[in-house]
Amino acid sequence: MQLATQIIGLVVAVLVVTGIARRFDWSPPLCLIIAGVAASFVPGVPAYELDPELVLVGLLPPLLYSSALRTSLVEIRANRTPIALLSVGLVVFTTFAVGLVTWLVIPGLPLAAGFALGAVVAPPDAVAASAVARRVGMPRQIVRVLEGESLLNDAAALVALRTAIAAIAGSVAMWEVGLDFLVAAVGGVAVGLAIGWAAVLLRRRLLDSVLDTAWSFVVPFVAYLPAEAIHGSGVLAVVVSGLVLGQQTPRLLSGPSRLASRINWRTVQFLLENLVFLLIGLQLRRILGEVADSSLSAWAIVGICAAVLAATIVSRIVWVFASALARNLLPAWVYPWRFSAAIAWAGMRGVVTLAAAFVLPADTPERGVLVLSAFVVVAGTLALQGTTLPRLVRRLDLPAPDPGEDALQQAALLHDMTQAGLERLKEIRTDDDPPDVIARLEDKQAYRSDSAWERLGFASSLQETPSAAYRRLRSEMLAAEREVLLTARDRGTVDDEVLRHVLDTLDIEESMLEPHDEPTRATAADLRTPANTAGQCAHLADPGDAESTVEGCEDCLREGTTWVHLRLCLTCGHVACCDSSPRRHATRHYHETGHPVIRSYEPGEDWRWCYVDRLVG
């Protein structure tokens, strides 16, 4: 009963502190650490001991696995050089740099113990940096690099820590260090691939969403434990298995299974990652008790902690800018100096650092001071870098992801998907298929594609688009339908199983009606087609350069009808309305004249469309 009460108390504290932090736009990890520190000195609060085994085996695998499921393997490959430089090169550099500083500032400390602390503080947190990056609107390329780094750096740091601990007990040859890294990498990748593909084969045969989600909770532990048993990297095995499953999941699972898995894993990740920050704060009283046995003075300990924190921060800055200066030798690192500055400052530490500190053997010289230094690095980087990173991003004027470009990519993708669906419908339809069903399917496909195109130019449109009107009206209809269902439930006139099934269908439809964030652009730059979305054909290569001064659809103005968005024919300069408009004059103009390319005539947009080859450019 006491254990259950303590667990509930921790979860409630996490929910309350996180809710308050989000309400005032504070850093939730930092607030949780502060709350934990304060609670650790309150009489009667249990002494929660952060067991390293609990963190490294019980908490780290599911956290890394959850992140790996949402990480694109394609993006990892595209940014492999920067990610490798940060997740391996920077970890090794930080280990040596912090280790040397620690050895210099702590009298009589073995160099191997200094390197052990360097390995402890080397890996940035897997959550804090990317969470801040997404909240402040960093360029997505930076976010992908930070996420890739956080997935892989723990493996290198833990191997370095294992080697340093072995060196504390005796001498370790360089060839043994290299062999240890090789065995950890090869073993971790091999186990991760084996478990990942085994999970793919298993989940392909599971039709029950509950069973599938339950098995997904087992996978990270099944990957971690065997890899550690063969002295491979369990962390690397978890990440590889997660990347494999994340890449294959869209082909494996049904829609309901994917929705259930996504929501369940987001909930688990939220609770675990915030719980560990609270537990970090609760460790301070325990750490100070161990430091009390040190022969060093209080001022000396303060200086040591400050030196370790400074060395940790400075070593990342030096490594990132040195890598940027070597871009001629490393062409894959092509970021501007502003990007490098943001990456260099996004080095917040977290739970792995403190858990690894507790792994240090009990007979390590000045162990209490080393553990306290690790705590100061975690709290200091979260307080110093975590709170100032948003301001730095704004000061550097980094280009945030453009919602308009996102909307254009989505519209182009949905258009291609819609065409593929219609082509398949033509292939499989028979004379026995009801014409009204075929028409309904075609209308639904057209609505999905048209609603995506409607989001473009939304900021300049003064009228409600058809898809927005549909969402508004259908939402009201669903509310009325739900009231009828609840009335039937309260009267007991319909079986509960039937009620739940119908309610599920309403919930799924309502979730599909949720409006996306409409594109808004704070700058006057034109919305151009992103390079990875743009197609190319002869018509787009030479589209024409016709212009116009007309302020509306020429045909709609003549007929007295309305339009949603405007398109400009680049051959003759004719201005017409889009396919979401009732009359679809732009498409009609193409069929009448054969002029292949139109350009958006909305303010701030410069993307083009080829009717012949169905490409956006």
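Predicted model, so just to flag it, every value in this text is computed and none were measured.

(A) Spotlight on the overall build of the protein. Each helix and strand counted, the protein has 24 helices and five strands in total. Across the 617 residues of the protein, 48% fall into the buried class. Considering only contacts in the protein between residues 6 or more positions apart, those separated by 24 or more positions represent 75%. Split by element, the accessible area of the protein, about 30300 Å² in all, is 62% carbon and sulfur.

(B) Region of interest: the packing of aromatic side chains. Counted under the stated rule, the structure contains six aromatic pairs. Measuring from centroid to centroid gives 5.0 Å for Phe96 and Phe115, while their planes differ by 65°, and the two rings are edge-to-face. Highlighted residues: Phe96 in helix 5 (residues 80-105) and Phe115 in helix 6 (residues 111-121), separated in sequence by 19 residues. Overall, Phe96 belongs to the partly exposed group, its relative accessible area being 44%. Each member of the aromatic cluster is reached from another via a ring pair, and the members are Tyr65, Phe217 and Trp265. For the cation-ring pair, Arg286 lies above Phe358, with the distance from its terminal atom to the ring centre recorded as 4.2 Å.

(C) Geometry of the nonpolar core. If you look at the biggest cluster of nonpolar residues, it comprises 110 residues, and the most contacted ones within it are Val120, Met138, Ile142, Ile280, Ile287 and Phe375. Ignoring anything within four residues of it in the chain, the contact list for Ile142 reads Phe339, Ala342, Ile343 and Leu398.

(D) Focus on the side chain of Thr312. Mapping Thr312 onto the fold places it in helix 14 (residues 298-325). Other than its neighbours up to four places away in sequence, Thr312 contacts Val98, Val121, Arg349 and Val377.

(E) Representation of the pattern of salt bridges. Overall, the coordinates contain 11 salt bridges when judged by the stated rule. As a salt-bridge pair, Glu481 and Arg474 come within 2.9 Å of each other at their nearest N and O atoms. The class of Glu481 is partly exposed, set by a relative accessible area of 31%. One network of salt bridges, in which partners are shared, links Arg482, Asp507 and Glu510.

(F) Representation of the packing of helix 13 (residues 284-291) against helix 17 (residues 367-396) in the model. Two elements in contact, helix 13 and helix 17, have axes separated by 8 Å at closest approach and are oriented at 145°. When the axes of helix 13 and helix 17 are compared, the crossing they make is left-handed. Contacts between helix 13 and helix 17 involve Leu284, Ile287, Leu288, Glu290 and Val291 from the former and Arg367, Gly368, Val369, Val371, Leu372 and Phe375 from the latter. A breakdown of the residues in the contact of helix 13 with helix 17 according to their chemical character gives eight nonpolar, one polar and two charged.

(G) Representation of the confidence of the model for the protein in the model. Across the protein, the average pLDDT comes to 82, with 88% of residues at or above 70. Every residue in residues 458-462 scores below 50 in pLDDT, and together they form eight contacts with partners more than four places removed in sequence or on other chains. In this model residues 516-524 is a low-confidence stretch, pLDDT under 50, and it forms 19 contacts with partners more than four residues away in sequence or in other chains.

(H) Structural detail: the side chain of Asp555. Mapped onto the elements, Asp555 comes out in helix 23 (residues 554-559). Separated by 2.9 Å, the side chains of Asp555 and His574 make a polar contact. Not counting the four nearest positions on each side in its chain, Asp555 is found in contact with His574, Ala576 and His585.

(I) Expanded view of a nonpolar patch on the surface. A cluster of nonpolar side chains, Ile8, Val12, Val16, Ile20, Phe24 and Trp26, forms an exposed patch at the surface whose accessible area comes to about 590 Å². With respect to the secondary-structure elements, Ile20 resides in helix 1 (residues 2-23). Owing to a relative accessible area of 41%, Ile20 belongs among the partly exposed residues under this scheme.

(J) Broad picture of the packing of helix 5 against helix 14. With their axes 9 Å apart at the nearest point, helix 5 and helix 14 run at an angle of 145° to one another. Relative to helix 14, the crossing made by helix 5 is right-handed. Along the contact surface, helix 5 presents Leu85, Leu86, Gly89, Leu90, Phe93, Thr94, Ala97, Val98, Val101, Thr102 and Val105, while helix 14 presents Ile304, Ala307, Val308, Ala311, Thr312, Ser315, Arg316, Val318, Trp319, Val320 and Ser323. Looking at the contact of helix 5 with helix 14 residue by residue, the class counts come to 15 nonpolar, six polar and one charged.

(K) Here's a closer look at the pairing of strand 3 (residues 597-600). Because side chains alternate across strand 3, one face comprises the buried residues Val597 and Arg599, and the other comprises Ile598 and Ser600, equally buried. Bridge count between strand 1 (residues 566-569) and strand 3: three bridges; the pairing is antiparallel. Looking at the pairing, Arg567 lines up with Ser600 of strand 3.

Conventions adopted
Residues numbered from 1 in each chain as written. Predicted model: local features only at pLDDT ≥ 70, side-chain atom pairs only at ≥ 80, totals over all residues. Heavy atoms only, no water. Helix = DSSP H or I, 4+ residues; strand = E, 2+ residues; numbered from the N terminus. Buried < 20%, exposed > 50% of the residue type's maximum accessible area, 1.4 Å probe, protein only. Contact = heavy atoms within 4.5 Å. Areas by Shrake-Rupley, 256 points an atom, 1.4 Å probe, with all protein chains shown as cover. Phe/Tyr/Trp six-rings, centres within 6.5 Å; stacked < 30°, edge-to-face > 60°. Lys NZ or Arg CZ within 6 Å of the ring centre and 35° of its normal. Core = buried A, V, L, I, M, F, W, Y, C linked by side-chain atoms within 4.5 Å. Salt bridge = Lys/Arg side-chain N within 4 Å of Asp/Glu carboxyl O. Axes fitted to C-alpha atoms, helices over the stretch in contact; angles between N-to-C directions. Left-handed = near helix turned anticlockwise from the far one by under 90°. Nonpolar A, V, L, I, M, F, W, Y, C, P; charged D, E, K, R; others polar. pLDDT = per-residue confidence, 0-100. Polar contact = N/O pair within 3.5 Å; in protein donor to acceptor, adjacent residues only side chain to side chain. Patch = residues over 30% accessible without salt bridge, like charges linked within 9 Å, V, L, I, M, F, W, Y side chains within 5 Å. Pairing = 2+ DSSP bridges.

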